[in-house]
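# Report on the structure
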Amino acid sequence: MGSPSPADGAPMERLARESGGLDVNSGYAYLLWCRDFADTSVVARAGGRLAGFITGYRRPAAPDTLFVWQVAVGPDFRRRGLASRMLGHLTAAACERGVRFVEATVTPGNKASQHLFASFAAANDARITRDVLFSERELGSGHEPEVLHRIGPLARPIAARRGPGVRG
């Protein structure tokens with residue numbers, strides 16, 4: 001596991017598209033993300049290919065908060081704890097730089113992400129709060145509400161669920 005580079009931009013876009021559940025950004029956006037937010041994002045590789053990624057950033061108005069933008073795991077690597085390990089890896093590094101909270105928005109229909117963040121909070125003995133950040137009215141076009149999951153405060157060391165699967 002490590003930080004993404006611009007070479008990961010196109011594979012990240014493909015993986016986001018294959019996920020079926022993410023709002024896919026442009027290829028250019030993923031390239032910029034890999035350049036400008038590499039220290040708050042992570043990629044996992046297996047056999048020379050992208051197995052998963054998490055993009056995130058520190059909130060400018062709350063620099064002690066890491067906002068997780070997207071979590072994607074390739075179909076061949078799901079149900080192996082990869083998302084949990086990536087989140088643990090990313091958050092551990094961010095906590096070394098002063099992060100105490102993790103935020104992410106999750107739609108009500110995204111049970112996998114709800115489980116990921118609830119499990120992460122439990123593994124780290126951290127409180128999790130949930131509240132609608134953006135409603136269907138604000139998002140428009142039949143988009144489900146985005147529910148803000150806020151986890152913290154976090155204490156070091158950060159725990160991640162262990163499991164078989166991808167190393168990296």
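My aim in this report is to walk through the structure given alongside it, one point at a time. Predicted, not measured: the structure shown is a model, and the values here were computed from it.

## Description of the environment of E18
Inspection of the secondary structure puts E18 in helix 1 (residues 9-19). With 55 residues separating them in the primary sequence, E18 and V73 have C-alpha atoms 9.3 Å apart. Ignoring sequence-local partners within four residues, the contact set of E18 consists of P75 and R78.

## Examining the sheet that holds strand 2 (residues 49-59)
Sheet architecture is open: six strands sit in the order 1-2-3-4-6-5, paired in mixed fashion. The open sheet terminates on both sides in strands that have one partner only, identified here as strand 1 (42-46) and strand 5 (128-134). Strand-to-strand twist of the sheet, defined as the mean angle between neighbouring strand axes without regard to direction, takes the value 25°. Direction of pairing for strand 5 relative to strand 6 (residues 146-151): antiparallel, over a ladder of six bridges. In the strand pairing of strand 6, I128 is matched with I151. Helix-sheet contacts for helix 2 (residues 27-36) involve strand 2 and strand 3 (62-73), and the interaxial angle to strand 2 is about 70°.

## Topic: a nonpolar patch on the surface
Taken together, the side chains of L133, F134 and L139 define a hydrophobic patch exposed on the protein surface, amounting to about 230 Å² of accessible area. Of note, L133 is situated in strand 5.

Each value, and the rule that gives it
Residues numbered from 1 in each chain as written. Predicted model: local features only at pLDDT ≥ 70, side-chain atom pairs only at ≥ 80, totals over all residues. Heavy atoms only, no water. Helix = DSSP H or I, 4+ residues; strand = E, 2+ residues; numbered from the N terminus. Contact = heavy atoms within 4.5 Å. Pairing = 2+ DSSP bridges. Axes fitted to C-alpha atoms, helices over the stretch in contact; angles between N-to-C directions. Patch = residues over 30% accessible without salt bridge, like charges linked within 9 Å, V, L, I, M, F, W, Y side chains within 5 Å. Areas by Shrake-Rupley, 256 points an atom, 1.4 Å probe, with all protein chains shown as cover. Salt bridge = Lys/Arg side-chain N within 4 Å of Asp/Glu carboxyl O.

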